[in-house]
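So the chains spell out like this:
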Amino acid sequence: MYPSHVPLYSNNPFSQEAYVYSLPYQEMDYSYSTLEGRQFGGQQPPSAPPGQELEPGPPTSPPPSTVPQQTHQAGAYAVDPGSMIGCLHRYTYVWLRGREQFWFYPTFIGRHSVSGYRWTGARWVKYGISLRQIQSFTCV
């Protein structure tokens with residue numbers, strides 16, 4: 001009842017079928033499911049865009065068991081991003097406005113925020129926060 005194949009070329013160049021099926025059908029080889037060298041010209045796929053590094057993962061061990069003394073008070077508005085550079089990839093204890101405090105492991109510091117990993121008491125979880133919310137911090 002229905003044709004078992006679709007013609008590759010049509011006799012009428014102005015028909016819809018001629019437009020849709022004007023190119024010969026090429027069969028694609030989807031037989032491999034893993035990343036092989038032939039997909040990337042014999043090279044491994046890049047792990048990060050050129051000029052950028054991958055964000056490191058969380059620390060492999062828990063933070064120190066003792067809470068440091070709060071000594072550094074931030075200004076009235078926000079923590080300066082430059083002041084946290086020394087804490088990058090180090091255990092950092094953070095006091096937020098509103099009395100919340102926790103261990104943090106910063107991996108990225110932006111102009112208005114910092115991101116990394118927060119210690120929950122049992123494991124590290126991804127976490128980001130505005131620099132305006134940080135009252136003070138100290139790294140060990």
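Shown above is the structure to which this text applies.
Predicted, not measured: the structure shown is a model, and the values here were computed from it.

### Here's the deal with the side chain of Thr92
Inference 1: Tracing the backbone through its elements, the reader meets Thr92 in strand E1 (residues 92–96).
Inference 2: From its side chain, Thr92 meets the backbone oxygen of Arg90 in a polar contact 3.0 Å long.
Inference 3: Among residues more than four places away in sequence, those in contact with Thr92 are Cys87, Phe102, Trp103, Phe104, Pro106, Phe137, Thr138 and Cys139.

### Quick look at the sheet that holds strand E3 (residues 113–119)
Inference 1: Pairing is antiparallel across the open sheet formed by five strands, whose spatial order is E4-E3-E2-E1-E5. Among the strands making up the open sheet, the edge pair consists of strand E4 (124–130) and strand E5 (134–139). Neighbour-to-neighbour, the strand axes of the sheet open up by a mean angle of 40°, direction not taken into account.
Inference 2: Here E1 pairs with E5 via five bridges, running antiparallel. Within E5, the position partnered with Thr92 by the bridge is Cys139.

### Side note on the pattern of salt bridges
Inference 1: Tallied over the full model, the rule gives one salt bridge.
Inference 2: One salt bridge in this structure joins Glu100 and Arg118, with 2.5 Å as the shortest N-O distance. With Glu100 in the loop between E1 and strand E2 (101–109) and Arg118 in strand E3, this residue pair connects regions lying 18 residues apart in the sequence.
Inference 3: Take Glu100: its relative accessible area is 37%, and that puts it in the partly exposed class.
Inference 4: Overall, Arg118 belongs to the buried group, its relative accessible area being 18%.

### Points about the packing of aromatic side chains
Inference 1: Counted according to the given criterion, the structure contains nine aromatic pairs.
Inference 2: Ring geometry for Phe102 against Phe104: centres 6.3 Å apart, planes inclined by 80°, an arrangement best described as edge-to-face.
Inference 3: A residue is classified by how much of its surface remains accessible, and Phe104, at 1% relative accessible area, is buried.
Inference 4: Judged by centre distance (5.4 Å) and plane angle (80°), the rings of Phe102 and Tyr127 are edge-to-face. Here Tyr127 lies in strand E4 and Phe102 lies in strand E2, a separation of 25 residues in the sequence.
Inference 5: Among the aromatic side chains, those forming a connected cluster through ring pairs are Tyr91, Tyr105, Trp119 and Trp124.
Inference 6: The ring centre of Phe102 lies 3.8 Å from the NZ or CZ of Arg118, which sits over that ring.
Inference 7: Lying over the aromatic face of Tyr127, Arg118 brings its terminal NZ or CZ to 4.9 Å of the ring centre.

Conventions and cut-offs
- Residues numbered from 1 in each chain as written.
- Predicted model: local features only at pLDDT ≥ 70, side-chain atom pairs only at ≥ 80, totals over all residues.
- Heavy atoms only, no water.
- Helix = DSSP H or I, 4+ residues; strand = E, 2+ residues; numbered from the N terminus.
- Polar contact = N/O pair within 3.5 Å; in protein donor to acceptor, adjacent residues only side chain to side chain.
- Contact = heavy atoms within 4.5 Å.
- Pairing = 2+ DSSP bridges.
- Axes fitted to C-alpha atoms, helices over the stretch in contact; angles between N-to-C directions.
- Salt bridge = Lys/Arg side-chain N within 4 Å of Asp/Glu carboxyl O.
- Buried < 20%, exposed > 50% of the residue type's maximum accessible area, 1.4 Å probe, protein only.
- Phe/Tyr/Trp six-rings, centres within 6.5 Å; stacked < 30°, edge-to-face > 60°.
- Lys NZ or Arg CZ within 6 Å of the ring centre and 35° of its normal.

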